[in-house]
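Single-letter residue listing:
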Amino acid sequence: MTAIEPVSPWWTPLRHLDRRPFLRARSDITRAVREWFVQEGFFEVETGILQVSPGNETHLHAPRTELQGPDGERLTRYFRTSPEFSCKKLLAAGEPRIVEFARVFRDRERGDLHLPEFTMLEWYRANAPYQAVMADCVAVIVRAARAAGTRLFSFRGRIADPHAEPQLLTVAQAFADFTGIDLLATIVDGRGDRDALAAAAHRWVRLSGDDDWSDIFSKILVEHIEPNLGQGRLTLLHEYPAPESALARLSAADRRVSERFEVYACGVELANGFGELTDPAEQRARFDHAMAEKQRRYGECYPIDEEFLAALGEMPEASGVALGFDRLVMLAAGATRIDQVVWTPPAGAA
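Residues numbered from 1 in each chain as written. Predicted model: local features only at pLDDT ≥ 70, side-chain atom pairs only at ≥ 80, totals over all residues. Heavy atoms only, no water.

In this structure the tally under the stated criterion is 30 salt bridges. Of the charged contacts, one joins Arg26 and Asp326 as a salt bridge, the two residues approaching to 2.7 Å between their closest N and O atoms. Of the two residues, Arg26 is situated in helix α1 (residues 13-39) and Asp326 in helix α9 (residues 325-333); the sequence distance between them amounts to 300 residues. Here Arg26 matches Asp326 in class, with each residue buried. When salt bridges with common partners are traced through the structure, they connect Asp212, Asp215, Glu293, Arg296 and Arg297 into a single cluster. (Salt bridge = Lys/Arg side-chain N within 4 Å of Asp/Glu carboxyl O. Helix = DSSP H or I, 4+ residues; strand = E, 2+ residues; numbered from the N terminus. Buried < 20%, exposed > 50% of the residue type's maximum accessible area, 1.4 Å probe, protein only.)

Here's what the structure looks like:
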């Protein structure tokens, strides 16, 4: 039997030469995007990586470490999953427009579209509706495509023209179009009716007895909605249902939905943004619910950043968005895996 030759490390000259065109494109895109934010009057910020809380979403997992103070006290700190908490504190401090190329961390994630350490491009506009940052997303994606000299994005047989007028699609309409499910009929008083959604979804996805409303929603979204998004052009999927509002405020026009959106190209999620919730009591209730669910599912939960909740009460109305910068570079540069567009892949990742 012939022995299989081990794959050479990413830093060997020949392997690096294969990746070099993608990395050069990354530099060009970074420069062009930074210039766009300067032109728009944003200040680039750098916020701390180690935090009291990495974020309070049920299914996100963060690496942790331990710090020792001068008195010998040992403190648990988490690697952030997003710079969101720190950026919103800066909004409370009075910054009007901020942007960060943030190194963030996600445990239990690895694949062609996932790395445990990656760059999140996150920005906020004070006193601006969330449609403003939706427009920003389109402008940033177009700027990236131009910097890379790319006319069309292509990924796994799907094509999207980033220069074309994007598709604006509500989540409810997407469910109706691709599954025939009346999603909003399963939301009562801001909460999801699990049995109602299960009855509508049983022929579309496999259900488990312990699936809650959000589980069923996510299965349908991933299996039957997302593959159809960003086909031919960008898709801005907006008005997420209230149970999936996360850190977004509810819509004044319809309390069954929130001011949350996501951007897709070639079936790939690129960005997730909000008209920001500024009610600390409501945000605490959402965090408590998410952490109780995290404890039930994974046997762990993360602390709540009390300083963040205090700042939230002082924060102006604002909108913000987090964009996966490595994914954007991957599409704009024509790469097929996310680890091809990072200068030094995480240890053991390539």
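For the rest of this paragraph, the subject is the nonpolar core. One finds Phe37, Leu121, Trp123, Val140 and Phe153 to be the most contacted residues of the largest nonpolar core, which totals 46 residues. For this core, the element with the most residues is helix α3 (residues 130-148), which contributes 10 residues. Once residues within four sequence positions are removed from consideration, Phe37 is found in contact with Phe42, Val99, Leu121, Trp123 and Val140. (Core = buried A, V, L, I, M, F, W, Y, C linked by side-chain atoms within 4.5 Å. Contact = heavy atoms within 4.5 Å.)

Moving on, we come to the pairing of strand β15 (residues 268-275). Summarising burial for β15: 6 of the 8 residues are buried, a large majority. Bridge count for strand β14 (residues 260-265) against β15 is 6 bridges, and the pairing is antiparallel. Within the sheet, the bridge partner assigned to Ala265 lies in β15 and is Val268. (Pairing = 2+ DSSP bridges.)

Below, the discussion takes up the packing of aromatic side chains. Evaluated as defined, the whole model comprises 13 aromatic pairs. Consider the rings of Phe37 and Trp123, whose centres lie 5.1 Å apart with planes at 65°: the pair is edge-to-face. Note that Phe37 is positioned in helix α1 and Trp123 in strand β6 (residues 117-126), a separation of 86 residues in sequence. Accessibility expressed as a relative area gives 2% for Phe37, which makes it buried. Between the aromatic rings of Phe101 and Phe325, the centroid separation amounts to 5.3 Å while the plane-to-plane angle is 85°, which identifies the pairing as edge-to-face. Within this pair, whereas Phe101 is found in strand β5 (residues 97-105), its partner Phe325 is found in helix α9, the two being separated by 224 residues in sequence. Neither residue differs from the other here; Phe101 and Phe325 are each classed as buried. Three or more aromatic residues joined by ring pairs make a cluster, and in this case those are Trp36, Phe37, Phe42 and Trp123. (Phe/Tyr/Trp six-rings, centres within 6.5 Å; stacked < 30°, edge-to-face > 60°.)

In short, shape yes, function no, at least from these values alone.
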